[in-house]
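Coordinate analysis (summary)
Residue-level listing of the chains:
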Amino acid sequence: MSTLAAAWDWLTDPAHWPGEDGIRHRLLQHLLLTAVCLLLSCALALPVALVLGHLGKGGALAVNLSNAGRAVPTFAVLVLLLLTPVGRWDDGPTVVALVLFAVPPLLTNAYVGMREVDRGVVQAARGMGMTGRQLLFHVELPLALPLLLNGVRIAAVQLVATATIAALAGGGGLGRIITAGFNLASTPQVVAGAFLVAALALAVEAVFELAERLAPARARGGRP
Amino acid sequence: MAPLPDDCLTRNEWICGIYLSTRRQILLDAVVQHLQLTSLSVLLGLVVAVPLAVLARRWGWAAGPVLAVTTILYTIPSLAMYSLLLPLYGLSAALVVAGLALYSLTVLVRNILAGLRAVPEETRQAARGLGYGPVRLLLAVELPLALPAAMAGLRIATVSAVSLATVGAIVGYGGLGNLIYAGMNSYFKAQVLTASVLCVLIAVAADLLLLGVQRLVTPWTRTARA
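Okay, so let's go over this structure. (Residues numbered from 1 in each chain as written. Chains lettered and ligands numbered in written order. Predicted model: local features only at pLDDT ≥ 70, side-chain atom pairs only at ≥ 80, totals over all residues. Heavy atoms only, no water.)

**Brief notes about the overall build of chain B**
Along chain B, the regular secondary structure elements total 10 helices and zero strands. Scanning chain B from its N terminus toward the C terminus, one meets helices and strands in the order α-α-α-α-α-α-α-α-α-α. At 22 Å, chain B has a C-alpha radius of gyration far larger than the 17 Å of a compact globule built from 226 residues. When the backbone C-alpha atoms are referred to their principal axes, chain B occupies close to 85 × 45 × 20 Å. A buried classification covers 46% of the 226 residues belonging to chain B. Within chain B, residue pairs in contact and separated by at least 24 positions form 72% of the contacts whose partners lie at least 6 positions apart. On chain B, roughly 11,100 Å² of surface is accessible, and the fraction owed to carbon and sulfur atoms is 70%. Averaging the locations of the 15 positively and 8 negatively charged side chains of chain B gives two centres separated by 11 Å. (Helix = DSSP H or I, 4+ residues; strand = E, 2+ residues; numbered from the N terminus. Rg over C-alpha atoms; globule rule 2.2 N^0.38 Å. Buried < 20%, exposed > 50% of the residue type's maximum accessible area, 1.4 Å probe, protein only. Contact = heavy atoms within 4.5 Å. Areas by Shrake-Rupley, 256 points an atom, 1.4 Å probe, with all protein chains shown as cover. Lys, Arg positive; Asp, Glu negative; His and termini not counted. Charge placed at Lys NZ, Arg CZ, Asp CG, Glu CD.)

Structure below.
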């Protein structure tokens, strides 16, 4: 228990908050990194998933990609990128590795959401004379929203957690507090860093949960 | 001093045959460590997950807390997980195994529970009618019928464990992750690429192996679909 108390002391020591290596700066770096990667992977994955889901093609690709993605260690991708020309660009390797990590689950969830839309509803909309574009934006997308958003939520939480490995490759974020703690052989600092990351992951989860409760019933998957 | 030979090692190329032949023993040791870490942790996860899932199935009220706790464990980042367990285990292989086992727990408990819940009530009643007691019902009817879902979870847990084990390099027990970590610090391209590829190969091989096992132990799922 003394380790936990020491970790708490480290965390609440005002000297550890300001500055380049301070908790405040690392926390901001971590949030920024996660947000950028989440936006980029959504921008990449969601349009593809929506179009594929609308056309009903590429299902095997969308699902298998997600399974294959799990087999590739993000840490290995990060280090590989670091040794390529991408590595010369500051946070480049981290952003690329994390985006590659987040795209598969986003793609799969959005695709499955689109395909799970009741075929009868789709046919009724078609019968009413809706064009493909109208069908996609006014029928399929709203109905697929709950599963799609669940994918975004999973990706966001996993990104917060995985962004820590950026520190292993000398990048910023909360992982740096952990790796610095390892190098100083300071267990309280390591535990304090781990606590910060876990708390941030849970906070992101809570934000999504709250947004889901406040969202209109349609986005929750409930019947309006 | 003799001039350095002009080969792919000195040129630091990504793909290098000489690296493969001269470092065979190092690679083999890393692969063995990687296999030990992942198989031990998944087995440990399985040993804990089965009773938890069975308990959650028996007593409905236990399902909520069991799922909540394992899900929270899953949200803890791997680097943080290893560090949180540090005070308990110190810098050891047990630390990595424990961390990975906690990760596989979430996927395994969820899938086994889903499998147990999917057993049709009529099937259970038929077994009871045949005089099966609760233990025999569980062992001979419910668990076998939950196998396909459980095996799907086992495959996901194993593949994730193979990939997450690399992060164990932070405490020196990361199997192939150690080579990736060392290769990063010394800018050794062949080592990083070789270790990464081996990691993916292990994950794919483990997945295919488990798929084969699944087909062997659940022959009825094939005849049912045919």
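**So, the interface of chain A and chain B**
The interface of chain A with chain B comprises 33 residues on the first partner and 33 residues on the second. The junction of chain A with chain B conceals about 2,800 Å² of combined surface from both sides, 82% of it contributed by carbon and sulfur atoms. One can count zero salt bridges joining chain A with chain B. At the boundary of chain A and chain B, one finds zero residue pairs in polar contact (both at pLDDT 80 or more). Those elements that provide at least two residues to the side of chain A that touches chain B are α3 (59-71), α4 (74-82), α7 (132-162), α8 (175-183) and α9 (187-214) of chain A. Take the side of chain A that touches chain B: its biggest share by element is 10 residues, from α9 of chain A. Within the side of chain A that touches chain B, the residues separate by chemical class into 24 nonpolar, seven polar and two charged. (Buried area = accessible area lost by both parts, 1.4 Å probe. Salt bridge = Lys/Arg side-chain N within 4 Å of Asp/Glu carboxyl O. Polar contact = N/O pair within 3.5 Å; in protein donor to acceptor, adjacent residues only side chain to side chain. Nonpolar A, V, L, I, M, F, W, Y, C, P; charged D, E, K, R; others polar.)

Interpretation in functional terms is not warranted from these geometric data alone.
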